[in-house]
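# Observations on the three-dimensional arrangement
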Amino acid sequence: MIAEGIDPGSARVAPAVTETTQTPDLGTYGIWRGAAGLPPELGTAIEKLGFGTIWIGGSPRADLRIAEKLLDATERITVATGIVNIWSSPAAEVAESYHRLEAAHPGRFLLGVGVGHPEATGDYTKPYASLVSYLDELDAAQVPESRRVLAALGPKVLKLSADRAAGAHPYLTTPEHTAEAREILGPSKILAPEHKVVLETDPEKARAIGRPAVANPYLYLRNYTSNLERLGFAPEELANEGNDRVIDALVARGTAKSIADRLREHVAAGADHVAIQALPAEGDPLATYEALAAELFG
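The rules we used
Residues numbered from 1 in each chain as written. Predicted model: local features only at pLDDT ≥ 70, side-chain atom pairs only at ≥ 80, totals over all residues. Heavy atoms only, no water. Helix = DSSP H or I, 4+ residues; strand = E, 2+ residues; numbered from the N terminus. Buried < 20%, exposed > 50% of the residue type's maximum accessible area, 1.4 Å probe, protein only. Phe/Tyr/Trp six-rings, centres within 6.5 Å; stacked < 30°, edge-to-face > 60°. Lys NZ or Arg CZ within 6 Å of the ring centre and 35° of its normal. Core = buried A, V, L, I, M, F, W, Y, C linked by side-chain atoms within 4.5 Å. Contact = heavy atoms within 4.5 Å. Salt bridge = Lys/Arg side-chain N within 4 Å of Asp/Glu carboxyl O.

## Quick word on unusual backbone geometry
Cis peptide bonds are those with omega within 30 degrees of zero, and the linkage from G82 to I83 qualifies with 15 degrees. Looking at where I83 falls in the secondary structure, it is placed in the loop between β5 (78-81) and β6 (84-85). Across the junction of N216 and P217, the peptide omega takes the value 15 degrees, indicating a cis bond. Within the chain, L64 stands out as a residue other than glycine whose phi angle is a positive 55 degrees. Secondary-structure assignment places L64 in the loop between β4 (53-57) and α2 (65-73). Its identity is not glycine, yet Q142 carries a phi of approximately 65 degrees, on the positive side. Relative to the helices and strands, Q142 resides in the loop between α4 (127-140) and β8 (148-150). On the basis of relative accessible area, Q142 is assigned to the partly exposed category, the value being 40%.

## What about the packing of aromatic side chains?
Summed over the entire model, instances satisfying the criterion amount to eight aromatic pairs. Taking 5.1 Å as the distance between ring centres and 75 degrees as the angle between the ring planes, the aromatic pair formed by F51 and F297 counts as edge-to-face. On the criterion of sequence distance, the pair formed by F51 in the loop between α1 (40-49) and β4 and F297 in helix α12 (residues 286-297) is long-range, its members being 246 residues apart. Residue F297 is classed as partly exposed on the basis of its relative accessible area, which comes to 35%. Taken together, a centroid distance of 6.1 Å and an interplanar angle of 70 degrees make the contact between Y171 and Y224 edge-to-face. With Y171 in the loop between β9 (167-168) and α6 (175-185) and Y224 in helix α8 (residues 222-230), the pair connects residues that are 53 residues apart, well separated along the chain. Across this residue pair, the class does not change: Y171 and Y224 are buried. An aromatic cluster is defined as three or more aromatic residues linked by ring pairs; in this entry it consists of Y29, F51, Y289 and F297. The side chain of K156 reaches across the aromatic face of Y128, ending 4.2 Å from its centre.

## Looking at the nonpolar core
By size, the foremost hydrophobic cluster in this structure holds 50 residues, and its most contacted members are I46, F51, F109 and I276. Residues contacting F51, with those up to four places away along its chain left out, are Y29, G30, I31, I46, I77, I276, Y289, A293, L296 and F297.

## Overview of the pattern of salt bridges
Per the counting criterion, the structure on display carries 21 salt bridges. The shortest N-O distance in the salt bridge between D63 and R61 comes to 3.9 Å. R253 is paired through a salt bridge with D248; the nearest N and O atoms lie 3.3 Å apart. You can call D248 partly exposed: its relative accessible area is 25%. Several salt bridges share partner residues, and in doing so they unite E204, R207, R211, D244, D248 and R253 into one network.

So, in structure tokens, the structure goes:
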């Protein structure tokens, strides 16, 4: 049986007539949350609060059903993947899913893709060349460059994001990285960093919440530690789950106002959009979302 939208002669996905190549409007602030914690009703609440984008974390599956459910439950908000892992999600299936979503919800889905982590992927060989090949497959399946962003930290993949995508979605970074990334991307490409937040004014309590989310697994993954070292953190600062300077740089804490001020530093450094990850990851994040929405949009 040939899947709907597939040209049996070429095995490529045929785009729907209603498809648009315009990059979706992300808004200035969005919400990043793991796929397991994104029921449709939470998506509806996020949209009502005024956030521009929902980022689906945790390497969502190639069928993109979680994105479909969020799009079905909402009316205007952009839904993006942060990110689809190229090793576990075949490009042909991802492309077919992209066209399905685009047909049902034109202009509202942004495909974020990336290479993930070498420590977590047995097939992690020649990651840059593999990412380029994956983008070639997306091109062949008519997934527009303007409808995808790349997980990018270092200069090489940031440059690829400028050349082969709408822009970049860096994860676990600082405003200083945002400024450097903007220089590489140029003025016209999307730059949408993720930043973690803890709505807690006691520094020790906030660090106790933020540290596990930073340390496990990211301070054990060399692509992240290498990037943090490029930003000026010494290896000894990253050891033993990160010292306070590392955690404070990567996790905004305090009142909603102080957190909002930290997020605005990314915008001042050149970000078009900031994807907010509320910690702890478990539990109901709505109180944090509501407090930040009042500061950011009020």
